[in-house]
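# Remarks on the overall topology
Here is what each chain is made of, one letter per residue.
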Number of protein chains: 2
Amino acid sequence: MDIDQYMIEVGSAARRASRVVAASSTKDRNTALLAVRDALDGARAALAEANAIDLEQGRESGLAVPVLDRLELTPARIDAMVEGLSQVAALPDPVRSIADMRTMPSGIRVGRMRVPLGVIGIIYESRPNVTVEAASLCLKSGNAAILRGGSESIASNTAIARCLKQGLQAVDLPHTAVQVVATTDRAAVARLIAMPEYVDVIIPRGGKGLIERISSDARVPVIKHLDGVCHVYIDEHADLGMAISIASNAKTQRYGTCNTMETLLVAEPAAKEVLPELARIYADAGVELRGCARTLALLPDIVLATEEDWGEEYLAPILSIRVLDGLEQAIEHINTYGSMHTDSIVTRDYAHAMRFLQDVDSSSVMVNASTRLADGFEYGLGAEIGISTDKLHARGPVGLEGLTSQKFVVLGDGQLRS
Amino acid sequence: MDIDQYMIEVGSAARRASRVVAASSTKDRNTALLAVRDALDGARAALAEANAIDLEQGRESGLAVPVLDRLELTPARIDAMVEGLSQVAALPDPVRSIADMRTMPSGIRVGRMRVPLGVIGIIYESRPNVTVEAASLCLKSGNAAILRGGSESIASNTAIARCLKQGLQAVDLPHTAVQVVATTDRAAVARLIAMPEYVDVIIPRGGKGLIERISSDARVPVIKHLDGVCHVYIDEHADLGMAISIASNAKTQRYGTCNTMETLLVAEPAAKEVLPELARIYADAGVELRGCARTLALLPDIVLATEEDWGEEYLAPILSIRVLDGLEQAIEHINTYGSMHTDSIVTRDYAHAMRFLQDVDSSSVMVNASTRLADGFEYGLGAEIGISTDKLHARGPVGLEGLTSQKFVVLGDGQLRS
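Summary of the structure given here. Not measured: the values here are computed from a predicted model. (Residues numbered from 1 in each chain as written. Chains lettered and ligands numbered in written order. Predicted model: local features only at pLDDT ≥ 70, side-chain atom pairs only at ≥ 80, totals over all residues.)

Once that is clear, we can look at the overall build of chain A. The helix and strand inventory of chain A stands at 14 helices and 16 strands. Against the compact-globule benchmark of 22 Å for 418 residues, chain A has a radius of gyration of 24 Å, which places it among compact chains. Expressed along its principal axes, the backbone C-alpha trace of chain A runs to roughly 70 × 70 × 35 Å. Looking at chain A residue by residue over its 418 residues, the buried ones come to 52%. Of all intrachain contacts in chain A linking residues separated by at least 6 positions in sequence, the fraction that spans at least 24 positions is 72%. (Helix = DSSP H or I, 4+ residues; strand = E, 2+ residues; numbered from the N terminus. Rg over C-alpha atoms; globule rule 2.2 N^0.38 Å. Buried ≥ 20, exposed ≤ 12 C-beta atoms within 10 Å, placed from the backbone. Contact = placed C-beta atoms within 7 Å.)

Printed below as a string of structure tokens:
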């Protein structure tokens with residue numbers, strides 16, 4: 001197979017299909033989503049069989065247990081895929097809404113119409129359920145998609161691709177509106193991220209290494225999130241009970257998620273009130289603590305944090321703790337070491353809350369809430385294809401709107417430029 | 001001078017300054033703009049002197065007359081620069097407004113706060129007035145800026161840079177909030193577009209060659225517009241008088257602008273009604289016509305257009321004309337040969353107008369209006385730093401809002417993730 005030639009065919013077919021999908025009705029796209037759902041529901045045996053091939057191959061080649069876990073299409077995961085398609089079909093259609101229509105001095109009326117981006121390339125790890133999720137969000141928002149999952153999931157993805165094709169054909173949408181790259185050759189990724197003539201945006205999902213490599217090599221705009229070094233700052237004016245429950249929830253509710261707190265910042269006056277109790281809670285949960293010198297003065301048994309700790313995304317039951325003079329230093333710390341993902345202040349002080357919201361340069365800034373709430377569903381977006389820590393286009397959780405942009409529409413009755 | 005070292009210093013100073021500017025008050029930024037205005041107003045003699053050096057050097061090195069014209073800081077241009085600063089200071093501040101604040105089922109309130117992008121790099125040709133315009137829009141929107149003008153304008157830009165510095169220091173904003181690159185070495189541009197750690201977005205302004213080179217080499221997101229191949233489509237249901245006045249204005253009101261019509265599309269039934277009269281108007285204005293075979297059947301004296309003509313941005317008194325069956329072919333033609341800039345339909349038919357608005361994939365789509373109206377001022381944006389033909393972030397005229405993005409703000413009272 002000539003990879004270059006193959007990817008050009010995939011790309012140009014996606015470009016052609018994107019025009020048809022963009023022009024299609026809300027009803028047709030929803031019907032297609034439900035047809036894909038039915039196809040998946042009716043192909044459970046085939047999906048399980050294909051997935052078993054991937055799993056066996058994965059075990060033989062010695063994949064780690066968490067990787068095998070993510071690769072597995074359990075009946076519950078297939079249920080979730082099927083249910084997810086119904087949910088996405090039920091969401092409001094973001095496409096073709098017109099906002100801010102206003103009349104200008106010349107008499108023209110000017111507004112902004114929301115339109116699909118065109119062709120979206122998604123590169124992700126060996127998680128076949130992501131194939132369905134990404135396909136459904138792209139299709140719902142009127143885009144064509146090129147999906148490239150990890151090579152370990154090729155058999156599962158090929159089986160899913162058949163269901164996608166069936167669904168699209170059921171409503172006469174081109175089956176090339178959602179394409180699953182049919183090769184595990186890495187050259188396909190290199191080509192996919194360098195075809196601006198066919199691909200409008202790349203969304204990489206996965207480990208930091210993968211995302212950094214793709215961002216640096218891409219010739220196409222990238223919507224990405226590199227890492228989530230999230231902070232909770234307990235202000236000296238915090239409600240101490242609330243501070244303890246938020247700092248506990250933000251760390252221990254789940255360890256491997258990008259919106260989990262990785263560093264706890266505490267204003268000196270609050271430190272002796274909250275740290276001993278938090279240390280007990282974290283000890284019970286099995287969280288390893290690493291603190292600055294001032295933290296160690298209160299919690300002498302924990303490890304001294306190094307400079308590296310402040311920039312680390314542990315994704316594990318490890319937490320770094322720093323005691324600071326107050327708000328100024330907290331903002332400075334977050335803007336220096338954070339990853340512009342999600343940061344929260346716990347305070348009862350109005351001015352401190354406003355300063356934090358304004359000056360912390362992150363995609364989500366919170367007052368008195370757990371960082372774990374930074375999520376497309378919790379934010380009411382209805383869906384989430386990822387969380388962007390970029391500054392252009394989409395910041396924070398990216399839902400259907402993030403897969404669209406706005407063009408200007410001008411309604412005139414003969415206006416000229418004078 | 002070690003260019004790499006110099007650009008790292010410029011970049012890191014801009015990054016530090018961007019935090020201060022982003023946190024500064026609307027009043028401080030407006031006061032700085034007015035102080036820059038006063039500094040420019042008081043430095044007319046020095047500006048004229050510096051500009052004379054550039055002009056002399058330019059003449060000696062044989063610059064073309066239009067280039068010399070753009071390089072010149074006439075008293076009228078200095079007036080416009082001074083006046084422009086007052087106008088920008090008077091615009092509403094886009095920064096820190098909060099939109100769409102809604103309460104979610106968990107009880108958190110979620111909204112979006114408009115925030116500066118950070119550090120904006122602007123690369124442009126030898127037009128010293130752009131230095132002031134770009135500086136003012138970046139500063140107004142709370143961003144730090146690194147400005148790199150064409151090498152032929154270095155003396156003028158250095159004189160302007162002194163005024164910028166004076167104005168910024170008058171309100172205790174860091175003078176590094178707007179920096180003019182002090183070297184004409186091209187290596188500085190290569191470095192500027194490859195420092196994602198210091199620069200958040202690059203806006204190139206100038207010829208297509210420059211912009212293509214920058215886009216392909218940049219390691220930083222780029223807001224750009226490559227070219228303006230704009231169309232007017234005269235539908236068979238057009239008001240013929242309106243069609244003639246729009247097609248005439250869109251071409252002849254100005255030739256060198258990106259929103260000037262370059263190709264006129266006419267539905268067959270309307271062609272014989274409008275083309276002969278339009279041909280007379282264009283002949284009077286000295287516009288050269290190049291037509292398809294069906295056009296030549298009506299206007300036998302004009303040149304036959306080649307395939308290249310359909311994709312050409314003439315920026316000159318040349319127009320290509322194509323007669324088509326109707327709307328479908330017009331949309332197909334525009335989406336194939338256009339540059340996704342600005343396209344207009346002239347029609348009295350409601351369904352045709354809606355189809356055109358929906359299916360033409362351009363940053364501005366118009367009904368019954370001249371393409372020349374695609375402009376930040378005509379659209380009520382108050383200012384314009386350029387027109388984007390990209391799909392991500394900003395499409396169409398880019399005003400102050402285009403130099404900002406939105407982060408999520410979450411107001412809670414102790415909410416946790418369950």
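Turning next to the pairing of strand 12 (residues 342-346) of chain B. Residue and element names in this part refer to chain B. The buried count for strand 12 comes to 5 of 5 residues, which makes it a mostly enclosed element. Of the two faces of strand 12, both are covered, the one formed by T342, S344 and V346 as well as the one formed by D343 and I345. In terms of strand pairing, strand 7 (residues 230-234) meets strand 12 through 4 bridges, oriented parallel. Across the sheet, residue Y233 finds its bridge partner in strand 12, namely I345. Where strand 12 lies against strand 13 (residues 364-369), 4 bridges are found, and the strand directions are parallel. Among the inter-strand pairings, I345 is bridged to a residue of strand 13, identified as V367. In this view, the connection linking strand 12 to its parallel neighbour strand 13 by way of helix 14 (residues 350-359) has right-handed handedness. (Pairing = 2+ DSSP bridges. Right-handed = clockwise from strand over helix to strand, strands pointing away.)

A separate point is helix 10 (residues 240-252) of chain B. The first and last C-alpha atoms of helix 10 of chain B sit 18 Å apart over 13 residues, in line with the 18 Å expected at 1.5 Å per residue. What helix 10 of chain B keeps buried is the set B:M242, B:A243, B:I246, B:A247, B:S248, B:N249, B:A250 and B:K251. (Expected span 1.5 Å × (residues − 1).)

Let us now look at unusual backbone geometry. Residue and element names in this part refer to chain A. Phi at M340 takes a positive value of approximately 60 degrees, unusual for a residue other than glycine. Considering the arrangement of structural elements, one finds M340 in the loop between helix 13 (327-337) and strand 12 (342-346). Backbone geometry at N368 places phi at a positive 55 degrees, although glycine is not the residue there. Along the polypeptide, N368 turns up in strand 13 (residues 364-369).

This part is about the sheet that holds strand 12 of chain B. Taking strand neighbours across the sheet as the criterion, the 10 strands line up as 1(A)-2(A)-16(A)-13(B)-12(B)-7(B)-8(B)-11(B)-9(B)-10(B) in an open arrangement whose pairing is mixed. Where the open sheet ends on each side, the last strands, each with one partner, are strand 1 (98-103) of chain A together with strand 10 (303-304) of chain B. Pairing of strand 9 (residues 288-291) of chain B with strand 10 of chain B involves 2 bridges; the strand directions are parallel. Along strand 10 of chain B, the bridge assignment pairs B:R290 with B:V303. Each of strand 2 (109-116) and strand 16 (404-415) of chain A together with strand 12 and strand 13 of chain B is contacted by helix 14 of chain B, which is oriented at about 155 degrees to strand 13 of chain B, the strand it contacts most. (Axes fitted to C-alpha atoms, helices over the stretch in contact; angles between N-to-C directions.)

Our focus in this paragraph is the relation of the copies chain B and chain A. Note on the identical chains: chain B maps onto chain A by a rotation of 180 degrees and an axial translation of 0.0 Å, with an RMSD of 0.0 Å. What we have between these two chains is a two-fold relation. Of every C-alpha in chain B, the one belonging to B:H393 sits nearest the axis of rotation, 1.9 Å from it. (Least-squares fit on C-alpha atoms with pLDDT ≥ 70 in both.)

This part is about helix 7 (residues 154-170) of chain B. The periodicity of an α-helix, 3.6 residues per turn, causes residues three or four positions apart to be oriented the same way. Residues and elements named next belong to chain B. An ideal rise of 1.5 Å per residue puts 24 Å on 17 residues; helix 7 measures up with 24 Å between its terminal C-alpha atoms. Tucked inside the fold, the buried residues of helix 7 contact helix 2 (26-42), helix 3 (44-60), helix 6 (128-140) and strand 5 (178-180). Just beyond helix 7, the residue with positive phi is D172, at close to 65 degrees.

So, about the nonpolar core. Ranked by internal contacts, the top residues of the largest apolar core, which has 242 residues, are A:A145, A:I234, A:V266, B:A145, B:I234 and B:V266. When neighbours within four sequence positions are excluded, A:A145 is seen to be in contact with A:I120, A:I122, A:A134, A:A135, A:C138 and A:V178. (Core = buried A, V, L, I, M, F, W, Y, C linked by C-beta atoms within 7 Å.)

Quick look at the interface of chain B and chain A now. With 57 residues of chain B at the contact, the number on the chain A side is 57 residues. Those elements giving two or more residues to the side of chain B that touches chain A turn out to be helix 1 (3-23), strand 2 (109-116), helix 10, helix 14, strand 13 and strand 16 (404-415) of chain B. It is strand 16 of chain B that contributes the most residues to the side of chain B that touches chain A, 11 residues altogether. The pairing of strand 13 of chain A with strand 16 of chain B spans 5 bridges and is classified as parallel. Bridge pairing in strand 16 of chain B places A:V365 opposite B:V409.

Residue and element names in this part refer to chain A. Reading across the sheet, the 4 strands line up as 5-4-3-6 and stay open at both edges, with parallel pairing between neighbours. Of all strands in the sheet, those with a lone pairing partner are strand 5 (178-180) and strand 6 (201-204), marking the two edges. Across the sheet, the axes of successive neighbouring strands diverge by a mean angle of 15 degrees, strand direction being ignored. The sheet contact formed by strand 3 (residues 119-123) and strand 6 spans 4 bridges and is parallel. The residue of strand 6 that forms the bridge with I120 is V201. Sheet strands in contact with helix 1 (residues 3-23) are strand 3, strand 4 (144-148) and strand 5, and its direction is about 145 degrees off that of strand 4.

Moving on: the environment of B:Y124. Tracing the sequence through the fold places B:Y124 in the loop between strand 3 (119-123) and helix 6. If sequence neighbours within four positions are ignored, B:Y124 has contacts with B:V130, B:G149, B:G150, B:R205 and B:G206.

Inspection of the secondary structure puts B:G396 in strand 15 (residues 396-398). When the C-alpha positions of B:G396 and B:S363 are compared, they lie 4.7 Å apart, and in sequence the two are 33 residues distant. When residues no more than four places from it in sequence are discounted, the contact partners of B:G396 are A:K407, A:F408, B:S363, B:S364, B:A374, B:I387 and B:S388.

Before going further, it helps to spend a moment on the pairing of strand 11 (residues 318-324) of chain B. Residues and elements named next belong to chain B. Among the 7 residues of strand 11, 6 are classified as buried, and the element is accordingly described as predominantly covered. Sheet topology note: the strand 8 (residues 261-267)/strand 11 ladder contains 5 bridges and is parallel. When the bridges of strand 11 are listed, L264 appears paired with I321. As paired strands, strand 9 and strand 11 are joined by 4 bridges and run parallel to one another.

Tracing the sequence through the fold places B:A351 in helix 14. Separated by 54 residues in the primary sequence, B:A351 and B:A297 place their C-alpha atoms 30 Å from one another.

So, about the packing of helix 5 (residues 75-90) of chain A against helix 6 (residues 128-140) of chain A. Helices that pack against each other are described as a pair by the angle of their axes relative to one another and the distance between those axes. Residues and elements named next belong to chain A. Contact geometry for helix 5 and helix 6: axes closest at 10 Å, N-to-C directions at 5 degrees. Here helix 5 lies roughly parallel to helix 6, going by the angle between them. Taken together, the residues of helix 6 that come into contact with helix 5 (itself represented by R77, A80, M81, G84, L85 and V88) are N129, V132, E133, S136, L137 and K140. (Parallel < 35°, antiparallel > 145°, perpendicular 65-115°, else oblique.)

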